[in-house]
Amino acid sequence: MGCMGSSTEMTTKPTLVKIEYFPLLGRAESLRMLCHSQDIKYEDVTITLEKWGGELKGKGDYAKGGLPHCVIDGKRCSETVPMLKMIAKCAGMYKGVDAECAKWNDEQMEVLNGGPMGGSGPWYFANVAKGVAIGDEGRAQAIADWKKTMCDAFAPIEAKMKEKSWTMSAGNTMMPLDCQIFSFYSEFVINESADAGLQDGYDMMTEVFEAHPCMKKMVETIAGMDKCKAFLGARMK
């Protein structure tokens, strides 16, 4: 699903992006970070789980797909990867980027949006939502499966970074894939607002980054950037 309300592709840097999502970090975190990194004003529009399930899901503007949705300068868009690419392209992030890097960025964003974010991750959070305790066999299996899909997604990126001597996941300049990867790191590894009930998730994600040193170095570099520090500082308040 693309962008509604316009027959032409948006090509200019947005003046305002409204990000509609649950009161969570989740899939919307990479969108927030991307906007902040490109000096694009954004607003969070919180949709409660109750409102989503009762009034919105499958209806009207939300007839297809789940959250997040973005309203980019008045044009409604859905699906995380198309939104990331659209915002990045309008901000000029693809200009001058090697075709191989751009293609790799787009392909790997789809991979990350699939298994880690689309299947095994939600299974883990379903266990959390049901109150299943850390150490429970089913929850432990969900964590193990999630770790495997994370490592399966990270392994080719790690290998490509080593092969090409890239400092970022799709070259040597920041791309939306970097924001997507960093969202895992910021939510699970360096989250100062950590919830003790998710400790097994934090531990697992820390192990995943430790097992991929090039990617770990990349996210540590991003975390040290002034813009990122400002973004995280504001989010933690």
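One structure accompanies this document, and this report is about it. (Residues numbered from 1 in each chain as written. Predicted model: local features only at pLDDT ≥ 70, side-chain atom pairs only at ≥ 80, totals over all residues. Heavy atoms only, no water.)

1. Structural notes on helix H1 (residues 28–37)
Piece 1. Summarising burial for H1: nine of the ten residues are buried, a large majority.
Piece 2. Here H1 has its buried residues at Ala28, Glu29, Ser30, Leu31, Arg32, Met33, Leu34, Cys35 and Ser37.
Piece 3. Backbone geometry just after H1 places Asp39 at a positive phi near 60 degrees. (Buried < 20%, exposed > 50% of the residue type's maximum accessible area, 1.4 Å probe, protein only. Helix = DSSP H or I, 4+ residues; strand = E, 2+ residues; numbered from the N terminus.)

2. Regarding unusual backbone geometry
Piece 1. With omega at 10 degrees, the peptide bond leading from Leu67 into Pro68 counts as cis.
Piece 2. Considering the arrangement of structural elements, one finds Pro68 in the loop between helix H2 (49–56) and strand E4 (69–72).
Piece 3. One non-glycine residue with positive phi stands out, namely Asp39, at about 60 degrees.
Piece 4. One can find Asp39 in the loop between H1 and strand E3 (42–46).
Piece 5. You will see that Glu79, though not glycine, has its phi angle at about 75 degrees, which is positive.
Piece 6. Looking at where Glu79 falls in the secondary structure, it is placed in the loop between strand E5 (75–78) and helix H3 (80–90).

3. Re the pairing of strand E2 (residues 17–21)
Piece 1. The buried fraction of E2 is high, at four of five residues.
Piece 2. As defined by bridge partners, E2 adjoins E3 across five bridges and the pair is classed as parallel. Within the sheet, the bridge partner assigned to Tyr21 lies in E3 and is Thr46.
Piece 3. Following the chain from E2 across H1 to the adjacent parallel E3, one finds a crossover that is right-handed.
Piece 4. Taken together, the four bridges between E2 and E4 define a ladder with antiparallel strand orientation. Looking across to E4, one finds that Glu20 is bridged to His69. (Pairing = 2+ DSSP bridges. Right-handed = clockwise from strand over helix to strand, strands pointing away.)

4. Here we look at the packing of aromatic side chains
Aromatic ring pairs are described here by two measures, namely the spacing of the ring centres and the angle between the planes.
Piece 1. Applying the stated rule across the entire model yields twelve aromatic pairs.
Piece 2. Where Tyr21 meets Phe22, the ring centres are 5.3 Å apart and the plane angle is 50 degrees; that geometry is what we call tilted.
Piece 3. Here Tyr21 falls in the buried class, since its relative accessible area comes to 8%.
Piece 4. Ring centres of Trp52 and Tyr62 lie 5.6 Å apart, and the angle between their planes is 90 degrees; this geometry places the pair in the edge-to-face category. Taken together, the residues Trp52 in helix H2 and Tyr62 in the loop between H2 and E4 connect sequence positions ten residues apart.
Piece 5. Of the residues examined, Trp52 reaches a relative accessible area of 8% and is grouped as buried.
Piece 6. In this structure Tyr62 comes out as buried when scored by relative accessible area, which is 10%. (Phe/Tyr/Trp six-rings, centres within 6.5 Å; stacked < 30°, edge-to-face > 60°.)

5. Some thoughts on the nonpolar core
Piece 1. Core analysis: the largest hydrophobic core is formed by 66 residues, its most contacted members being Ile181 and Phe182.
Piece 2. Top element by residues in this core is helix H6 (residues 137–164). It accounts for eight residues.
Piece 3. In this structure, Phe182 is in contact with Met33, Ile190, Val219, Ile222, Ala223, Cys228 and Leu232, ignoring residues within four places of it in sequence. (Core = buried A, V, L, I, M, F, W, Y, C linked by side-chain atoms within 4.5 Å. Contact = heavy atoms within 4.5 Å.)

6. Some words on the side chain of Arg32
Piece 1. Secondary-structure assignment places Arg32 in helix H1.
Piece 2. In this structure the side chain of Arg32 is engaged in a polar contact, spanning 3.4 Å, whose partner is the backbone oxygen of Leu25.
Piece 3. Ignoring sequence-local partners within four residues, the contact set of Arg32 consists of Ile19, Tyr21, Leu24, Leu25, Tyr42, Asp44 and Phe231. (Polar contact = N/O pair within 3.5 Å; in protein donor to acceptor, adjacent residues only side chain to side chain.)

7. A word on the packing of helix H7 (residues 176–188) against helix H8 (residues 199–210)
Piece 1. Look at H7 against H8: their axes get within 9 Å of each other, and the N-to-C directions meet at 135 degrees. Comparing the axis directions of H7 and H8 gives the class oblique. With respect to the hand of their crossing, H7 and H8 are arranged in left-handed fashion. Each of Ile181, Phe184, Tyr185, Glu187 and Phe188 in H7 lies in contact with H8, whose residues at this interface are Gly201, Tyr202, Met205, Thr206 and Phe209. (Axes fitted to C-alpha atoms, helices over the stretch in contact; angles between N-to-C directions. Parallel < 35°, antiparallel > 145°, perpendicular 65-115°, else oblique. Left-handed = near helix turned anticlockwise from the far one by under 90°.)

8. Structural notes on the pattern of salt bridges
Piece 1. All chains considered together, the criterion is met by 13 salt bridges.
Piece 2. Here Arg76 makes a salt bridge to Asp61, at a shortest N to O gap of 3.3 Å. Separated by 15 residues along the polypeptide, Arg76 in strand E5 and Asp61 in the loop between H2 and E4 bring together distant segments of the chain.
Piece 3. Given a relative accessible area of 14%, Arg76 falls into the buried group.
Piece 4. The partly exposed category is assigned to Asp61, whose relative accessible area is 42%.
Piece 5. A salt bridge links Asp200 to Arg139; the nearest nitrogen and oxygen atoms lie 2.7 Å apart. You can see Asp200 sitting in helix H8 and its partner Arg139 sitting in helix H6, a full 61 residues away along the chain. (Salt bridge = Lys/Arg side-chain N within 4 Å of Asp/Glu carboxyl O.)

So far we have only geometry, and geometry alone does not tell us how the molecule works.
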